[in-house]
Amino acid sequence: MRIATLTSGGDCPGLNAVIRGIVRTAAQNGSTVVGFEDGWQGLLEDRRVQLYDDDFIDRILRRGGTILGTGRLHPDDFKAGIDRIKANLEDAGIDCLIPIGGEGTLKGAKFLADNGIPVVGVPKTIDNDVNGTDYTFGFDTAVAVATDAIDRLHTTAESHDRVMIVEVMGRHVGWIALHAGMAAGAHDILIPEHPFDIEEVCKKMARRFQMGEKYGIIVVAEGALPKEGTLEIADREVDQFGHEKFQDISGLIAKEIENRLDTEVRSTVLGHIQRGGTPTAFDRVLATRFAVNATKACLNGDFNKVVALKGQDIELIDFEEAVGTLKEVPQKRYDTAQNLFG
């Protein structure tokens, strides 16, 4: 069998571990692997490289980023290129395609599957927002990076009697903010699923100072929004892919707290630092398990599925379960964290 793979969307720690796992598992079963460069664009343009089970592939396990490159392609251009995609896969002798990506990539994979192309999807995103899987690789690394940063900000905030606001990734869901905030002992966590009241945020910080504490840490997801009528924010622009361009929500909150409490406030945006660097052991293992199971699904002819973590096991789920809606932070998880605020 001849298998193809590609990485699409934002980069993510653990992508190379998946590529390595696919290549090595395929080789163990007498199959070969082709990689398409720069995501769907490389598939459209037939930019492919042969991947070998050699020393280079063995060493990429611990590398961040992706050796194949990644990128985004407008959905209209992607769908319009279906005939070219089919021709390129046929010319390369591909029996099954393993796309590695987030919800958008998996939607693209479902479109290919609906058009007769054998596909097995591998979910990835640091946001942990893909439905049907308990965790996606990249999330644990992002949380570890954010937690370390918040730990460091505790000491400088306490030294200067400041409120520190830390903005982490999370366009539509707050999993990184929730986990990193809880792990690092944040005094408030603001996430997209639960609009915040700036007055309540200020009360929590004021209460800390009244009780003798001289600093506060607030973790905010980039997509967090205030309750309607509580804080004015500018309308968000939309990019060519339909994604909102998020503004400096942490800076806006910092100014508001500083004005209301007459105390020093600083904001820090972690940004793409959360995406880069060496994946954690958890992410390497999860990515490898996804890779092995996705490759075996191809070899067994179990196409048009997505690998997913269910409890301790890797299972195959339908595309319908993985795409369509995002996995949001449930109310009970946020309620647990609220017991620790202030």
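What counts, and at which threshold
Residue positions within a chain follow its written sequence, with the count starting from 1. Two thresholds apply to this predicted model, a pLDDT of at least 70 for residue-level local features and 80 or more for giving and counting side-chain atom pairs, whereas whole-chain, interface and lining totals are computed over all residues. Processing note: side-chain calculations cover all non-hydrogen atoms of the structure and skip hydrogens and water entirely. The domain boundaries here were taken from an automatic or database domain assignment. The criterion used for residue contact is that any of the two residues' heavy atoms lie within 4.5 Å. When two components associate, each loses some accessible surface as probed by a 1.4 Å sphere; the sum of these losses over both components is called the buried area. Each reported salt bridge corresponds to a side-chain nitrogen of Lys or Arg within 4 Å of a carboxyl oxygen of Asp or Glu. Amino acids outside the nonpolar list (Ala, Val, Leu, Ile, Met, Phe, Trp, Tyr, Cys, Pro) and the charged list (Asp, Glu, Lys, Arg) are all regarded as polar, and Gly is one of them. Throughout, a disulfide means two cysteine sulfur atoms within 2.5 Å of one another. UniProt positions are given in the numbering used here, feature names are shortened, and annotations may be inferred rather than shown by experiment. Secondary structure elements are defined from DSSP: runs of H or I of at least 4 residues count as helices, runs of E of at least 2 residues count as strands, and each element is numbered from the N terminus. We call a residue buried when its accessible area falls under 20% of the maximum for its residue type, exposed when it is over 50%, and partly exposed in between, using a 1.4 Å probe and counting protein chains only. Here, any two strands with at least 2 DSSP bridges between them count as paired. The axes are straight lines fitted to the C-alpha atoms, using for helices just the contacting stretch, and the angles between their N-to-C directions are given from 0 to 180°. The arc in question is formed by the directions pointing from the helix axis toward the C-beta atoms. We place a 1 Å grid over just the protein atoms. Points where a 1.4 Å probe fits but has no way out form a cavity, open points with protein on both sides within 12 Å along at least 5 of 7 lines form a pocket, and any residue with an atom within 4 Å of a point lines it. Grid points are joined across faces, edges and corners, and a volume is the space filled by probe spheres set on the points.

Peer 1: Lay out the domain arrangement of the protein with the relevant residues and their values.
Peer 2: Looking at the assigned domains, one finds that the protein contains domain 1 (2-138 + 279-324) and domain 2 (139-276). Every contact between the two is made by 20 residues of domain 1 and, on the other side, 18 residues of domain 2. Summing the contributions of domain 1 and of domain 2, the shared interface buries around 1500 Å²; its carbon and sulfur component is 58%. Area buried by domain 1 at its contact with domain 2 is led by Arg72, Ile126 and Asp127, which between them contribute 36% of it. Taken together, domain 1 and domain 2 are joined by zero salt bridges. The residue inventory of the side of domain 1 that touches domain 2, partitioned by class, reads eight nonpolar, seven polar and five charged.

Peer 1: Tell me about the state of the cysteines, residues and numbers included.
Peer 2: In the structure shown here, the tally under the stated rule is one disulfide. Among the cysteines around Cys12, which has no disulfide bond, Cys298 carries the closest sulfur, lying 20 Å off.

Peer 1: Summarise the UniProt feature "binding site: Mg(2+)" (unreviewed entry) in the protein; cite the residues concerned and give the values.
Peer 2: On the UniProt side, "binding site: Mg(2+)" (unreviewed entry) is annotated at positions that read Glu103 here. By the secondary structure assignment, Glu103 is in helix 6 (residues 103-114). Owing to a relative accessible area of 15%, Glu103 belongs among the buried residues under this scheme. Setting aside its immediate chain neighbours within four residues, Glu103 contacts Val130, Ala322, Val323, Gly324, Thr325 and Leu326.

Peer 1: Report on the sheet that holds strand 8 (residues 216-221), specifying residues and quantitative values.
Peer 2: Taken in spatial order, the four strands of this open sheet run 7-8-6-11, and their pairing is parallel. Each of the sheet's edge strands pairs with one partner strand only, and the pair in question is strand 7 (188-190) and strand 11 (265-269). If you compare each strand with its neighbour and ignore which way they point, the axes differ by 20° on average. Pairing of strand 6 (residues 163-168) with strand 8, which is carried by six bridges, proceeds in the parallel orientation. Counted as the bridge partner of Glu167 is Val220 from strand 8. Along the sheet, helix 10 (residues 249-261) makes contact with strand 6, strand 7, strand 8 and strand 11, crossing strand 11 at roughly 175°.

Peer 1: Could you give an account of helix 5 (residues 82-91), with specific residues and numbers?
Peer 2: Looking only at helix 5, the buried set comprises Ile82, Ile85, Asn88 and Leu89. Here the buried residues of helix 5 occupy an arc of 125° about the axis, which is enough to place them on one side. Relative to its buried face, helix 5 has exposed residues pointing more than 90 degrees away, namely Asp83, Glu90 and Asp91. Contacts from the buried residues of helix 5 go to strand 2 (32-36), helix 2 (40-44), strand 3 (48-51), helix 4 (75-80) and helix 6. Once helix 5 ends, the next one or two residues include Gly93, with phi positive near 70°.

Peer 1: Account for the sheet that holds strand 1 (residues 2-7), naming residues and giving values.
Peer 2: The strand order across the open sheet formed by seven strands is 3-2-1-4-5-12-13, and the pairing between neighbours is mixed. Of all strands in the sheet, those with a lone pairing partner are strand 3 and strand 13 (313-318), marking the two edges. With strand direction ignored, the average angle separating the axes of adjacent strands in the sheet is 30°. One ladder, built from six bridges, connects strand 12 (residues 305-310) with strand 13; its direction is antiparallel. For Lys305, the partnering residue across the bridge sits in strand 13 and is Asp318.

Peer 1: Can you lay out the layout of surface pockets for me, pointing to particular residues and giving the numbers?
Peer 2: There is about 170 Å³ of room inside the second largest pocket. Together, 13 residues line the second largest pocket, and Pro195, Phe196, Asp197, Lys204 and Tyr334 are the ones closest to its centre. For the lining of the second largest pocket, the elements supplying multiple residues, two or more each, are strand 7, helix 9 (198-210) and helix 13 (331-338). Considering every element that reaches the lining of the second largest pocket, the biggest residue donor is helix 9, with three residues. In terms of residue class, the lining of the second largest pocket is made up of six nonpolar, two polar and five charged.

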